[in-house]
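As a plain string of letters, each chain reads:
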Amino acid sequence: MSKGEGQRKQQEMLSLRPSIRRFQTAIILAYALAVMKVKSPKVRFNAMAVESFSSNNNNNSTSINMRLLAQVTIKKPNFGHFKYQNSTLSILHNGVQVGEVVIPRGRASARKTKKFNMSVDVNSEGLSGNDINSGVLRLSSRGKVSGKVAPNEGYKEEQIWRNEV
């Protein structure tokens, strides 16, 4: 093997380096976009039970007071933990707030579901008598959880989640 032949092989290897680097970068980028993609946490009401119920029926107004026991879950669907601040979950009837509960700050671990039980006081003040006298009280809920998602220890992304449950 002559000296010129060794230089030629070395130049060939040097010319391959940029293409190898591009290939490695493409693989890392594809992994980062597909696997490490930050997904929003999911907050859900899983089960609800009525603990106490009372109604007041006057001539011109009807009101209902009840306490609901609810299981609330916060699920982090992918990698990285989610640290969230104190948040509120509102109970609504036809867009009118009839109850509110505070979700205490905490942390949902990666690919885990955090469950906790809460009690919510529902008061029908501000609702029309027709809504209550119909015999069916349709409730919905709306929550806002804000916090930081950290897919790995060095990277943090602030995220605000809004969802109707």
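So, how was this worked out
Residues numbered from 1 in each chain as written. Predicted model: local features only at pLDDT ≥ 70, side-chain atom pairs only at ≥ 80, totals over all residues. Heavy atoms only, no water. Helix = DSSP H or I, 4+ residues; strand = E, 2+ residues; numbered from the N terminus. Buried < 20%, exposed > 50% of the residue type's maximum accessible area, 1.4 Å probe, protein only. Contact = heavy atoms within 4.5 Å. Areas by Shrake-Rupley, 256 points an atom, 1.4 Å probe, with all protein chains shown as cover. Core = buried A, V, L, I, M, F, W, Y, C linked by side-chain atoms within 4.5 Å. pLDDT = per-residue confidence, 0-100. Polar contact = N/O pair within 3.5 Å; in protein donor to acceptor, adjacent residues only side chain to side chain. Pairing = 2+ DSSP bridges. Axes fitted to C-alpha atoms, helices over the stretch in contact; angles between N-to-C directions. Patch = residues over 30% accessible without salt bridge, like charges linked within 9 Å, V, L, I, M, F, W, Y side chains within 5 Å. Salt bridge = Lys/Arg side-chain N within 4 Å of Asp/Glu carboxyl O.

Here we come to the overall build of the protein. Counting its regular elements, the protein contains two helices and nine strands. Put simply, the protein runs from its N terminus to its C terminus through helices and strands in the order α-β-β-β-β-β-β-β-α-β-β. The burial tally for the protein puts 28% of its 165 residues in the buried class. Pairs at least 24 apart in sequence give 64% of the contacts found in the protein among residues at least 6 apart. Accessible surface, the protein: about 11,400 Å² in total, of which carbon and sulfur atoms supply 48%.

If you look at the biggest cluster of nonpolar residues, it comprises 23 residues, and the most contacted ones within it are V72, I74, Y84, I103, F116 and V122. Breaking this core down by element, the ones donating at least two residues are β1 (42-57), β2 (62-75), β3 (81-84), β4 (87-93), β5 (96-103), β7 (113-123) and β8 (140-152). Counting residues per element, this core draws most heavily on β2, which supplies six residues. Among residues more than four places away in sequence, those in contact with V122 are I64, N65, M66, L68, I91 and V98.

Moving on, we come to the confidence of the model for the protein. In this model, the protein carries an average pLDDT of 79, and 81% of its residues clear a pLDDT of 70 or more. Mean pLDDT in the protein bottoms out at strand β9 (residues 155-164), which sits at 50, and peaks at β7, which reaches 89.

In this fold, H93 is placed in strand β4. A relative accessible area of 3% means that H93 is categorised as buried. For H93, the side chain forms a polar contact with the side chain of N94, separated by 3.5 Å.

With that settled, consider the sheet that holds β7. Each strand in a sheet pairs with another by means of backbone hydrogen bonds, the pair being arranged parallel or else antiparallel. Read from one edge to the other, the open sheet built from three strands follows the order β1-β2-β7, with strand pairing classed as antiparallel. If you trace the sheet from one side to the other, it starts and ends with β1 and β7, each paired once. The sheet shows a mean angle of 15 degrees between the axes of neighbouring strands, direction not considered. Pairing of β1 with β2, which is carried by 14 bridges, proceeds in the antiparallel orientation. Paired with M48 across the strands is A70, a residue of β2.

Right, let's get into a nonpolar patch on the surface. There is a patch of nonpolar side chains on the surface, built from M13, L16 and I20 and spanning about 300 Å² of accessible area. Here I20 lies in helix α1 (residues 3-34).

Next up on the list: unusual backbone geometry. What you tend to see is this: most non-glycine residues have negative phi, and most peptide bonds are trans. With a phi angle near 50 degrees, N94 is a residue other than glycine that sits in the positive phi range. The residue N94 is located in the loop between β4 and β5 in this model. Residue class for N94 comes out exposed when judged on its relative accessible area of 61%.

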